[in-house]
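# Report on the structure
What follows is the residue order along each chain.
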Amino acid sequence: MKVRYFAWLRERVGRAEEEIALPPHIETVGDLVGWLKSRGPEFEGAFENAAVVRAALDHTHASLDTRLGQAQEVAFFPPMTGG
Amino acid sequence: MAGQASFPVSIRVEEAPFDPTAELARLSGADDMGAVVSFTGLCRGEGGRLAALELEHYPGMVEAELARLIAEAGRRWPLLAVTVIHRHGRIAVGEPIVLVITASAHREAAFSAAAFLMDWLKTRAPFWKREIAADGTPGDWIEAKADDDAAASRWDAPEAAQ
């Protein structure tokens, strides 16, 4: 699965995207966030405040409860500030 | 939110500046097109503090999300055409950032749909702004505003659509 990061989340984790092999017990976006946070202090820091992290699955907004299912790409980013 | 709009839709996400007047002229008036509303968002200088904004975006999702927002607007109002242009990259003070054009038979639908699209675009389209100071130094990422969430949520109730 491809994981992408944007804006200050990208800066804090130190990469724009990566391919990960999903551990079998990871079923939801929230599960994935928990697992990512265990990978090192940069992830712990980037995801420390879950209230300001948004997610998308295959280009569609998702919540922490959303099941990953067969999604090819998950993205994490701060609240949007376009317009 | 899904589905395609049943009217002509133009979505462009690009770096180059656009000309709102030229984009308006591109909308040829269909026989029943009685109202065209356009909104242009510009980069503010914040009292001389800023030189520009730098906009990051999520290619692919931006276009998909804008299409979903326009389809939703089409379910709420009888629209005849919609154009949304949003820039990314470096945008100097005074330059246009975003353009929303809505066309309908009557003004109420065109005004409401334009306001709806801007309110939802700000909180749902994956763009992120960072400040570039007057001396050229990259500054902070702009934080999302509670006002924008409130503006977006006023459209949440289905009865908001008239």
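Residues numbered from 1 in each chain as written. Chains lettered and ligands numbered in written order. Predicted model: local features only at pLDDT ≥ 70, side-chain atom pairs only at ≥ 80, totals over all residues.

When helices and strands are counted, chain A shows three helices and five strands. Along the chain direction, N to C, the helices and strands of chain A fall in the order β-α-β-α-α-β-β-β. Taking 2.2 N^0.38 as the reference for a compact globule, 83 residues should give roughly 12 Å; the C-alpha atoms of chain A span a radius of gyration of 12 Å, in line with that estimate. (Helix = DSSP H or I, 4+ residues; strand = E, 2+ residues; numbered from the N terminus. Rg over C-alpha atoms; globule rule 2.2 N^0.38 Å.)

Let us look at the sheet that holds strand E2 (residues 35-42) of chain B. Residue and element names in this part refer to chain B. The sheet built from four strands is open, its strands ordered E1-E4-E6-E2 with mixed pairing. Two strands lie at the open edges of the sheet, namely strand E1 (9-14) and E2, each paired on one side alone. Pairwise comparison of adjacent strand axes, ignoring direction, gives a mean angle of 5 degrees for this sheet. Relative to strand E6 (residues 96-104), strand E4 (residues 79-87) is paired through seven bridges, and the arrangement is antiparallel. The partner of Ile85 across the bridge, within E6, is Leu99. Strand contacts of helix H3 (residues 107-124): E2, E4 and E6, with the helix running at about 150 degrees to E6, the strand carrying the most contacts. (Pairing = 2+ DSSP bridges. Axes fitted to C-alpha atoms, helices over the stretch in contact; angles between N-to-C directions. Contact = placed C-beta atoms within 7 Å.)

Once that is clear, we can look at the nonpolar core. Residue and element names in this part refer to chain B. Counting 54 residues, the largest nonpolar core has Ala73, Leu79, Ala113 and Leu117 as its most contacted members. Examining the composition of this core, we find that nine residues originate from one element, H3, more than from any other. If we skip the residues at most four places from it in the chain, Ala113 touches Ala73, Trp77, Leu79 and Thr102. (Core = buried A, V, L, I, M, F, W, Y, C linked by C-beta atoms within 7 Å. Buried ≥ 20, exposed ≤ 12 C-beta atoms within 10 Å, placed from the backbone.)

Now for the interface of chain A and chain B. Interfaces are often sized by the amount of accessible area the parts lose when they come together. In this complex, chain A contributes 14 residues to the contact, which on the side of chain B involves 21 residues. Put simply, the parts of the chain that give the side of chain A that touches chain B at least two residues each are helix H1 (7-13) and strand E5 (73-77) of chain A. In the side of chain A that touches chain B, the residues fall into nine nonpolar, five polar and no charged. (Nonpolar A, V, L, I, M, F, W, Y, C, P; charged D, E, K, R; others polar.)

Here we take up the packing of helix H2 (residues 61-76) of chain B against H3 of chain B. Residue and element names in this part refer to chain B. Where H2 contacts H3, the two axes come as close as 10 Å, and the packing angle between them is 150 degrees. What the angle tells us is that H2 and H3 run roughly antiparallel. The two elements H2 and H3 meet at a crossing, and its hand is right-handed. For the pair H2 and H3, the contacting residues are Glu65, Leu69, Ile70, Ala73 and Arg76 in the first and Ala113, Phe116, Leu117, Trp120, Leu121 and Arg124 in the second. (Parallel < 35°, antiparallel > 145°, perpendicular 65-115°, else oblique. Left-handed = near helix turned anticlockwise from the far one by under 90°.)

Along the polypeptide, Glu56 of chain B turns up in strand E3 (residues 50-57). Separated by 21 residues in sequence, Glu56 of chain B and Ala35 of chain B have C-alpha atoms that sit 33 Å apart. Contact partners of Glu56 of chain B, with chain neighbours within four places excluded, come to Phe6 and Ala7 of chain A together with His88 and Trp128 of chain B.

A separate point is the sheet that holds E5 of chain A. Residue and element names in this part refer to chain A. Pairing is mixed across the open sheet formed by five strands, whose spatial order is E2-E1-E5-E3-E4. Each edge of the open sheet carries a strand with a single partner, namely strand E2 (17-19) and strand E4 (60-62). Recorded for the sheet is a direction-independent mean angle of 25 degrees between the axes of neighbouring strands. Both strand E3 (residues 54-57) and E4 contribute to a ladder of three bridges, which runs antiparallel. For Leu57, the partnering residue across the bridge sits in E4 and is Thr60.

Residues and elements named next belong to chain B. Viewed as axis vectors pointing N to C, H3 and helix H4 (residues 146-153) meet at an angle of 130 degrees, and their least axial separation amounts to 8 Å. Between H3 and H4, the interaxial angle falls into the category oblique. Crossing handedness for the pair H3 and H4: left-handed. The segment H3 lies against H4, with Asp119, Trp120, Lys122 and Thr123 engaging Asp148, Asp149, Ala151 and Ala152. Split into classes, the residues belonging to the contact of H3 with H4 amount to three nonpolar, one polar and four charged.

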